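For reference, the chains in residue letters:
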Amino acid sequence: MKGLGVRGWLLLGLVTVVLLAATGVWNPFPAIWDWVDRRQPISDPDVVWQQRIGGTPKSVTIAGDTVVIEQRTRVEARSLATGTQLWERKADWAAVAGGTRDPVVAVGKLLVKGYELLDPTTGVVRRRDDDAVAVWTYRNMLLDAHCVEPTDCTLTAWDPRGTRPLWTAFLPGVSTGLFADNPNLLGTRRLTAPRIDGGVAGPESVPPLLGFPVDGRVHVVDTATGRVVQNVEPGRDERLAVIGGRMLRIHAVSRDGTCQFVISARDPATGQEAWRKAGVNPRTADSAGCAQREDPQGARNVLIGVAPDGREAVIDGYDGRLLLVDAEGEKLLAVDDRYALVRTADKNTVVGRELGVDQVRWNRPAGDRPGAALTPYAAILTQDKPNRLVALDPRTGRELVVLRTSANALAVGPDGMIIGEGREIGYVRFGGGGVEPPPDDGGVPDPDTGGVPGPNTGGGPGDQPDCGPKRELCPDPGDKDS
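Summary of the structure given here.

What counts and what doesn't
- Residues numbered from 1 in each chain as written.
- Predicted model: local features only at pLDDT ≥ 70, side-chain atom pairs only at ≥ 80, totals over all residues.
- Heavy atoms only, no water.
- Disulfide = S-S within 2.5 Å.
- Buried < 20%, exposed > 50% of the residue type's maximum accessible area, 1.4 Å probe, protein only.
- Phe/Tyr/Trp six-rings, centres within 6.5 Å; stacked < 30°, edge-to-face > 60°.
- Helix = DSSP H or I, 4+ residues; strand = E, 2+ residues; numbered from the N terminus.
- Polar contact = N/O pair within 3.5 Å; in protein donor to acceptor, adjacent residues only side chain to side chain.
- Contact = heavy atoms within 4.5 Å.
- Salt bridge = Lys/Arg side-chain N within 4 Å of Asp/Glu carboxyl O.
- Core = buried A, V, L, I, M, F, W, Y, C linked by side-chain atoms within 4.5 Å.
- Pairing = 2+ DSSP bridges.
- Axes fitted to C-alpha atoms, helices over the stretch in contact; angles between N-to-C directions.

**Details of the state of the cysteines**
Considering all chains together, one arrives at two disulfides under this definition. Across the disulfide from Cys147 sits Cys153; the S-S distance is 2.0 Å. Note on the Cys147 and Cys153 pair: the S-S dihedral is about 105°, so by sign convention the disulfide is right-handed. Grouping residues by exposure puts Cys147 and Cys153 together as buried.

**A few points about the packing of aromatic side chains**
Taken as a whole and assessed by the stated rule, the structure comprises two aromatic pairs. Ring geometry for Trp49 versus Tyr427: centroids 6.4 Å apart, planes at 25°, classification stacked. On the criterion of sequence distance, the pair formed by Trp49 in strand β1 (residues 49-52) and Tyr427 in strand β36 (residues 424-429) is long-range, its members being 378 residues apart. Tyr427 shares its class with Trp49; the two are buried. Taken together, a centroid distance of 5.4 Å and an interplanar angle of 85° make the contact between Trp136 and Phe212 edge-to-face. Of this pair, Trp136 sits in strand β10 (residues 134-137) while Phe212 sits in strand β15 (residues 209-214), placing them 76 residues apart in sequence. The class for Trp136 is buried, based on a relative accessible area of 2%.

**Brief notes about the side chain of Ser43**
Tracing the backbone through its elements, the reader meets Ser43 in the loop between α2 (29-36) and β1. Polar contacts involving the side chain of Ser43 include one to the main-chain carbonyl oxygen of Pro45, which spans 2.7 Å. The residues touching Ser43, leaving out its near neighbours within four places in the chain, are Leu403, Arg404, Thr405 and Ile419.

**So, the pattern of salt bridges**
Two side chains that carry opposite charge are able to pair once their charged atoms sit near each other. Summed over the entire model, instances satisfying the criterion amount to 28 salt bridges. Between Arg161 and Asp119 there is a salt bridge, with its nearest N and O atoms 3.9 Å apart. Remark: Asp119 occurs in the loop between β8 (115-118) and β9 (125-129) and Arg161 occurs in the loop between β12 (152-158) and β13 (167-171); sequence separation between them is 42 residues. Its relative accessible area of 13% is what places Asp119 among the buried residues. Where Glu399 meets Arg364, a salt bridge forms, and the shortest distance between an N and an O atom there is 3.2 Å. Taken together, the residues span a long stretch of sequence, with Glu399 in strand β33 (residues 399-404) and Arg364 in strand β29 (residues 360-365) at a distance of 35 residues. Salt bridges sharing common partners tie together Arg89, Glu116 and Arg128.

**Considering the nonpolar core**
With 21 residues, the main nonpolar core has Ile380, Ala391, Val412, Met417, Ile419 and Phe430 as its most contacted residues. Counting only elements with at least two residues in this core, the list comes to β32 (388-392), β33, β34 (408-412) and β35 (416-421). If one sorts the elements of this core by residue count, β33 sits on top with three residues. If sequence neighbours within four positions are ignored, Ile380 has contacts with Ile196, Gly371, Ala372, Ala373, Leu389, Val390, Ala391, Ala409, Val412 and Met417. One finds Trp136, Ala157, Trp167 and Leu210 within the second-largest nonpolar core, a separate group that totals 19 residues.

**Re the sheet that holds strand β26 (residues 331-335)**
Taken in spatial order, the four strands make up an open sheet running β26-β27-β28-β29, and their pairing is antiparallel. Of all the strands in the sheet, just β26 and β29 have a single pairing partner and so form its edges. Adjacent strand axes in the sheet meet at a mean angle of 20° when their direction is disregarded. By the bridge criterion, five bridges tie strand β27 (residues 339-343) to strand β28 (residues 349-354) in an arrangement that is antiparallel. Counterpart to Arg343 in the pairing with β28 is Val350.

The following block contains the structure:
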């Protein structure tokens with residue numbers, strides 16, 4: 001025995017442990033694995049629950065009382081209260097439609113026609129379609145496209161939980177890139193931020209008008225009636241975008257080594273010009289050649305432009321009003337129809353401003369390399385060194401939660417948000433009861449009046465005056481009972 005040495009004794013000990021485990025006398029391996037696989041909290045303070053999922057999520061959405069997690073080849077739903085898995089199924093893509101009371105999950109496979117609408121709580125199929133080539137999901141509507149031939153397609157609108165179409169519209173084909181869930185239409189391009197997922201806000205209400213690119217032309221569809229109100233081919237130096245109930249023709253030419261822009265907004269129903277701005281760069285071109293390959297930056301009914309002096313401006317897509325003009329050196333971090341988050345010129349402060357009025361709602365220290373996003377329920381801020389993730393009331397700046405974490409903000413709901421790092425996700429509850437969601441002023445216009453809601457105002461001529469200046473007294477169509 002003296003000649004065994006250290007290695008010999010270790011080998012003998014390992015053999016002994018294996019024999020004891022095999023005979024059921026003593027098995028230390030489960031405890032050892034639990035120690036190795038122990039999960040560290042992904043934030044401080046700790047989350048309500050934390051779960052490890054099968055793979056890195058492609059998207060995460062809060063759908064009522066559930067969390068829908070899209071992965072590369074499957075989709076699953078978990079309880080928002082406990083994180084317990086409710087169901088799982090194979091799918092190449094998934095998207096949530098509906099509001100907090102009537103959500104559904106559309107799932108499908110790539111390069112395979114059709115989709116299924118699932119109940120987010122049970123996973124039960126509510127409706128099945130075998131022929132659609134593309135699906136668009138909104139808070140108050142779901143759209144799908146069917147094509148019997150490449151040049152013969154039908155666009156159909158559905159209530160998220162409805163079984164009968166709301167309307168149908170003919171389109172002479174769809175773009176080759178329009179397939180699966182939420183393919184790009186001609187609207188605005190959101191500002192992005194590190195550590196904040198692009199879909200953190202969840203589904204939005206359907207805009208009054210949508211622009212479908214088909215064979216080099218743009219077909220503008222009225223989402224209240226399904227009527228195709230315009231069929232336009234852009235000029236050689238133009239890019240078209242449909243924002244705030246207007247069709248924008250963005251003209252860009254190269255002069256003196258720079259791009260010079262003219263934005264003309266037209267009423268799609270009449271073709272008449274509603275407003276025009278020259279010299280504002282909507283960031284649709286990325287070189288002096290002025291080839292416009294990008295949608296203008298913005299959100300919902302507003303777009304962002306850069307003035308010749310370098311200052312950023314937020315423009316009302318409906319009437320062209322300047323809702324906000326940054327001071328020199330300031331940087332716009334996030335914007336929606338109501339508010340904007342701006343980093344001050346000294347880079348030390350983030351300011352919350354209300355669009356349409358010259359008023360600072362709140363301010364707070366910016367930290368290192370701040371990022372920001374606006375959702376219906378919270379303004380999200382990130383910072384590095386030290387890592388922080390902060391949720392605020394967008395109107396008052398009141399802190400809803402402050403986390404010491406390097407995790408990302410994945411989804412925000414009425415009472416909290418989902419954060420994640422790698423395969424670990426967790427739910428954080430807001431303090432103080434959360435925030436009352438804003439009114440829905442970007443929904444479907446009244447088909448009888450043609451009114452198009454405008455940002456932070458009474459909107460277009462068809463708005464109901466008893467809804468209040470921001471439609472705050474009107475119900476959210478995405479939250480209606482099913």
